[in-house]
Amino acid sequence: KATVYRFLAELEAAGRVRRYRGPEGGAAWIEYLGAPSEGEEDYHLLCESCGTMLHFDSEPLRAAFHRLADENDLAIDESRIVLYGTCPGCVRRSRP
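As a starting point, this report considers the structure included with it. Sequence order as written defines the numbering, with residues in each chain counted from 1. At least 70 in pLDDT is required for a residue's local features to be given in this predicted model, at least 80 for side-chain atom pairs to be given and counted, and no such filter applies to totals for whole chains, interfaces and linings, which use all residues. The side-chain quantities take in all heavy atoms of the structure and omit both hydrogens and water.

1. Some points on the packing of aromatic side chains
Ring pairs (aromatic) are described by centroid distance and by the angle formed between their planes. Note on ring pairs: Phe, Tyr and Trp rings are taken, using the six-membered ring of Trp, and paired if centres are within 6.5 Å. Classes follow the plane angle, with under 30 degrees stacked, over 60 edge-to-face and the rest tilted. Tallying each qualifying case throughout the model produces 2 aromatic pairs. Consider the rings of Y43 and F56, whose centres lie 6.1 Å apart with planes at 40°: the pair is tilted. Placement of the pair is Y43 in strand β3 (residues 43-47) and F56 in strand β4 (residues 53-56), with a sequence separation of 13 residues. Each helix is a run of H or I in the DSSP string that is no shorter than four residues. Each strand is a run of E no shorter than two, and both are numbered from the N terminus.

2. A few points about the side chain of H44
Topologically, H44 is positioned in strand β3. Relative accessibility decides the category of a residue: with a 1.4 Å probe and only protein chains considered, values under 20% of the type maximum give buried, values over 50% give exposed, and everything between is partly exposed. Residue class for H44 comes out buried when judged on its relative accessible area of 1%. Looking at H44, its side chain comes within polar contact range of the side chain of H55, at 3.1 Å. Pairing of N or O atoms within 3.5 Å defines a polar contact, subject to two protein rules: one partner must be a possible hydrogen donor and the other a possible acceptor, and residues neighboring in sequence count only if both atoms are side-chain atoms.

3. Observations concerning the sheet that holds β4
Between any two strands, pairing holds if DSSP finds at least two bridges. The strand order across the open sheet built from 3 strands is β4-β3-β5, with neighbouring strands paired in mixed fashion. For this open sheet the edge positions go to β4 and β5 (82-85), each flanked by a neighbour on one side alone. Neighbouring strand axes in the sheet, compared pairwise and without regard to direction, differ in orientation by 25° on average. As judged from the 4 bridges shared by β3 and β4, these two strands associate in the antiparallel manner. Within β4, the position partnered with Y43 by the bridge is F56. Between N-to-C directions, angles cover 0 to 180 degrees, with each direction set by a line fitted to C-alpha atoms, over the stretch in contact for helices.

4. Here we look at the environment of S49
Relative to the assigned elements, S49 resides in the loop between β3 and β4. With 35 residues separating them along the chain, S49 and Y84 place their C-alpha atoms 9.9 Å apart. In this structure S49 touches T86 and C90, once residues within four positions along its chain are discounted. The contact definition used throughout considers only heavy atoms, calling two residues in contact when any of these lie within 4.5 Å.

5. Some remarks on the pattern of salt bridges
Criterion for a salt bridge: a side-chain nitrogen of Lys or Arg within 4 Å of a carboxyl oxygen of Asp or Glu. Under the criterion given, the structure shown has 2 salt bridges. Among the salt bridges present, the one from R62 reaches D57, with a minimum N-O distance of 2.3 Å. For R62, the salt bridge is made with E59, and the minimal N-O distance between the two is 2.9 Å. Highlighted residues: R62 and E59, both in helix α2 (residues 59-72), separated by 3 residues, approximately one helical turn. When its relative accessible area of 11% is taken as the criterion, R62 is described as buried. Here the residues in one salt-bridge network are D57, E59 and R62, joined through shared partners.

Taken by themselves, the reported measurements are silent on function.
Quick look at the structure:
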């Protein structure tokens, strides 16, 4: 009997989706990969307070990763990088 979870595992193995684990191994997020344009990186920030996964683009971050790769003869898969921090909503709620 097929389950949604088994189907998602098959899609992940085939490279069609990417799974992200939440803080402390909590809930997972699934991102459909589709067919991204060549050279486009989408960065992610996982909020450690509420668990929200934010997607954003950052030319300074992209430049820093490219410089790091060039200076150290590395090949970095930027699409798999997840930053951990606090989302704007949680930052606002934590201010007095």
